[in-house]
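Chain residues, written in single-letter form:
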Amino acid sequence: MNDVQTQDDLYIIVSEFYKKLFADERISYIFTEVIPVHEKLEEHLQILVKFWSQAILGTGGYFNNLTQIHLDVDIKSHLSKELFDIWLHHFETAINENFAGTNCERMKNMAHNLSTIMQIKIAQQRA
């Protein structure tokens, strides 16, 4: 398998990732009821491609506040450690099923770091 090298590669990952999220009833409600991503899925996927492209390929173009977005979602419906674990599992699976290499490992490491940071920020917000 090839490593992630282009935004098209990243699109494959985020698209497969969201298929897994929507199919998993333990977490799908976050993306259909809490924040109805399914209504503007293509737009959302393009935002995620920009995020990962900036982080992994150095392309720039992502300007949203990732932390605040998740804090806002947590106010609507608590984002528990279990939900983050499910998210990480599906994300890693989407990568591993399609690609392998240094950039893939960087993405997985970054996802784990982001998960930890978000959980800390959520705990601080709830304190």
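Above this text sits the structure in question.
A few points on the structure. (Residues numbered from 1 in each chain as written. Predicted model: local features only at pLDDT ≥ 70, side-chain atom pairs only at ≥ 80, totals over all residues. Heavy atoms only, no water.)

## Details of the overall build of the protein
Looking only at helices and strands, the protein features six helices and zero strands. Helices (α) and strands (β) of the protein occur, in sequence order from the N terminus, as α-α-α-α-α-α. A compact globule built from 127 residues would reach a C-alpha radius of gyration of about 14 Å, and the protein, at 14 Å, matches this within 12%. Nonlocal contacts in the protein, meaning residues at least 24 apart in sequence, comprise 74% of its contacts between residues at least 6 apart. Just so you have it, the protein exposes about 7,100 Å², and 52% of that area is on carbon and sulfur atoms. (Helix = DSSP H or I, 4+ residues; strand = E, 2+ residues; numbered from the N terminus. Rg over C-alpha atoms; globule rule 2.2 N^0.38 Å. Contact = heavy atoms within 4.5 Å. Areas by Shrake-Rupley, 256 points an atom, 1.4 Å probe, with all protein chains shown as cover.)

## Some points on the packing of helix α3 (residues 41-57) against helix α6 (residues 102-126)
One can describe the packing of α3 onto α6 by two numbers: an axis separation of 10 Å at closest approach and a directional angle of 115°. Considering the angle they form, α3 stands roughly perpendicular to α6. At the point where α3 passes α6, the crossing takes the right-handed sense. Where α3 approaches α6, its residues F51, W52, A55, I56 and L57 are matched on the opposing element by N103, R106, M107, M110, A111 and L114. Of the residues belonging to the contact of α3 with α6, the class tally is nine nonpolar, one polar and one charged. (Axes fitted to C-alpha atoms, helices over the stretch in contact; angles between N-to-C directions. Parallel < 35°, antiparallel > 145°, perpendicular 65-115°, else oblique. Left-handed = near helix turned anticlockwise from the far one by under 90°. Nonpolar A, V, L, I, M, F, W, Y, C, P; charged D, E, K, R; others polar.)

## Points about the nonpolar core
If you look at the biggest cluster of nonpolar residues, it comprises 38 residues, and the most contacted ones within it are I13, Y18, I27, I30, W52, F91 and M107. The set of elements that each furnish at least two residues to this core consists of α1 (7-23), α2 (28-34), α3, α4 (66-76), α5 (81-96) and α6. Ranked by the residues each element gives to this core, the list is headed by α5, at eight residues. Each residue touching I27, except ones within four places of it in the same chain, is listed here: L21, L83, I86 and W87. (Core = buried A, V, L, I, M, F, W, Y, C linked by side-chain atoms within 4.5 Å. Buried < 20%, exposed > 50% of the residue type's maximum accessible area, 1.4 Å probe, protein only.)

## Concerning the packing of aromatic side chains
With the rule as written, the count across this model stands at nine aromatic pairs. Cluster of aromatic residues (ring-pair linked, three or more members): F17, Y18, F22, F31, F51, W52, Y62, W87 and F91. (Phe/Tyr/Trp six-rings, centres within 6.5 Å; stacked < 30°, edge-to-face > 60°.)

## Side note on the packing of α1 against α3
At a closest axis distance of 9 Å, the pairing of α1 and α3 adopts a crossing angle of 130°. With respect to each other, α1 and α3 are oriented oblique. α3 is crossed by α1, and the crossing has right-handed handedness. On the side of α1, the interface is formed by Q7, L10, Y11, V14, S15, Y18 and F22, while α3 contributes L41, E42, H44, L45, Q46, L48, V49, W52, S53 and L57.

## Examining the environment of Y11
Following the sequence through the fold, Y11 ends up in helix α1. In this structure, the C-alpha to C-alpha distance between Y11 and I47, residues 36 residues apart in sequence, is 10 Å. A polar contact is formed between the side chain of Y11 and the side chain of E42, at a distance of 2.7 Å. (Polar contact = N/O pair within 3.5 Å; in protein donor to acceptor, adjacent residues only side chain to side chain.)

## Quick word on the environment of Y18
Along the chain, Y18 falls in helix α1. Residue Y18 is classed as buried on the basis of its relative accessible area, which comes to 5%. Considered as a pair, Y18 and I95 are 77 residues apart in the sequence and their alpha carbons are 12 Å apart. With near-sequence residues (within four places) excluded, Y18 lies in contact with F31, V37, L41, H44, L45 and L48.

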